[in-house]
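# Coordinates in review
Below, each chain spelled out in residue letters.
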Amino acid sequence: SVVTQTKSGSKYDFTKYFTAIKPLYSDADVVFCNPETPAAGNVLVISGYPSFNAPQEFPRDLSKVGCNMINLATNHMYDKGAAGIDVTLTNWQAEKPLAIAGAYRTLVDSKNVSYFTKNDIKVAFLAYRDFSNAAVPNDYAVPSYHDEAAVREQLTEARKNADLVVVSAHWGTEDSTVVNDDQKEAARLFAELGADVVIGTGPHVVQAVDTIPRDQKPATIVWYSLGNMLSSQLQVNELTGVIAKFTVTKQDSGITISKLEARPTFMSYDWTVADRAAERLSGRTNLKLQPLGDASNEITAMFPNETSKSRQEFLTKTLGSQASVTFVP
């Protein structure tokens, strides 16, 4: 449904989905995005669940709306095999983002930490996933954080060479707001090895923001899950997400991270009672991504027992006290 609504003739345009929410992050210097799927539609067949492949316009349009630090380490990235990885990387590299991490053509490529410098802050960006829906025949195409030796090697190098180390982790129990033990163990390892920020994706719902203390350094900040953003999933929690914001400041003593903020979004669509009862997914129309505070009517139309206020309360409770929730009524 997400892809179908963007099609005009033989072309696709995803940028309109982001018109309403772009003001929530347009002041950011670096915009992390998790595209989730291969984007090799110019070579391989465009497809949806359970084996995904987005049009080639997807990287182009995400870049147009600001995405410039790109995570490709997900459970779906190998859905189209090595060919899908190759074309997806080609399409993303053509957009020249600040950094891409999490999917690689060769073992040599996978060992290279992705660095960039912004506002005199040198950033190392690494990305790992938990599992893969399609079997990955090697250790490098879509790296797993369960390969502890590789994680230690990469993070040790990153810590030596960067002011700020950011790790993307695609993990967690799907549709659960509870952080599981595997996530906590991996986050502790990332913190031990020098990660300053961990950005979590994968569960399709929002999870807590937490901190992990470190000796002689500020605590590692962990956004365990940002939830979904652009999707056509079915449950109210799956349609509620956040844009995570924070400020990185460089001083002689090192970097500090402050002003942790969650800006909520909601993804809505129209779906008749008959189509919903028949689970006719193709019947979903008028897909809209917007700030949570602007989606009050849509939320209640889709879920009569929910309001924008109840969604705000859900986010405040789930995220915890480490980040403030900025709600625009």
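Below you will find a few notes about this structure. Since this is a predicted model, take the numbers as computed values, not measurements.

The step from Tyr 49 to Pro 50 runs through a cis peptide bond, and the omega angle for that step is 5°. Summarising the element assignment, Pro 50 is placed in the loop between β3 (32–33) and α1 (57–64). Located in the positive-phi region is Gln 216, a residue other than glycine, with phi close to 60°. A residue is classified by how much of its surface remains accessible, and Gln 216, at 84% relative accessible area, is exposed. In this structure, Lys 259 takes a positive phi of about 55° despite not being glycine. Assignment of secondary structure puts Lys 259 in strand β13 (residues 254–270).

This brings us to the packing of aromatic side chains. Overall, the coordinates contain 9 aromatic pairs when judged by the stated rule. Plain terms: the ring middles of Phe 14 and Phe 58 are 4.9 Å apart, the flat faces sit at 55° to each other, and that makes the pair tilted. Here the residue Phe 14 occupies a position in the loop between β2 (11–12) and β3, and Phe 58 occupies one in helix α1, the gap between them amounting to 44 residues. Taken individually, Phe 14 and Phe 58 each receive the classification buried, so the pair is uniform in this respect. For the ring pair Phe 32 and Phe 125, a centre distance of 6.2 Å and an interplane angle of 85° mean the geometry is edge-to-face. In this pair, Phe 32 is assigned in strand β3 and Phe 125 in strand β7 (residues 121–129), connecting sequence segments 93 residues apart. Accessibility assignment for this pair places Phe 32 and Phe 125 in one class, buried. In this structure an aromatic cluster arises from ring pairing among Tyr 128, Tyr 145, Trp 171, Phe 190 and Tyr 224. Above the face of the Tyr 269 ring, Arg 284 is positioned so that its terminal group lies 5.6 Å from the ring centre.

Rules and cut-offs
Residues numbered from 1 in each chain as written. Predicted model: local features only at pLDDT ≥ 70, side-chain atom pairs only at ≥ 80, totals over all residues. Heavy atoms only, no water. Helix = DSSP H or I, 4+ residues; strand = E, 2+ residues; numbered from the N terminus. Buried < 20%, exposed > 50% of the residue type's maximum accessible area, 1.4 Å probe, protein only. Phe/Tyr/Trp six-rings, centres within 6.5 Å; stacked < 30°, edge-to-face > 60°. Lys NZ or Arg CZ within 6 Å of the ring centre and 35° of its normal.

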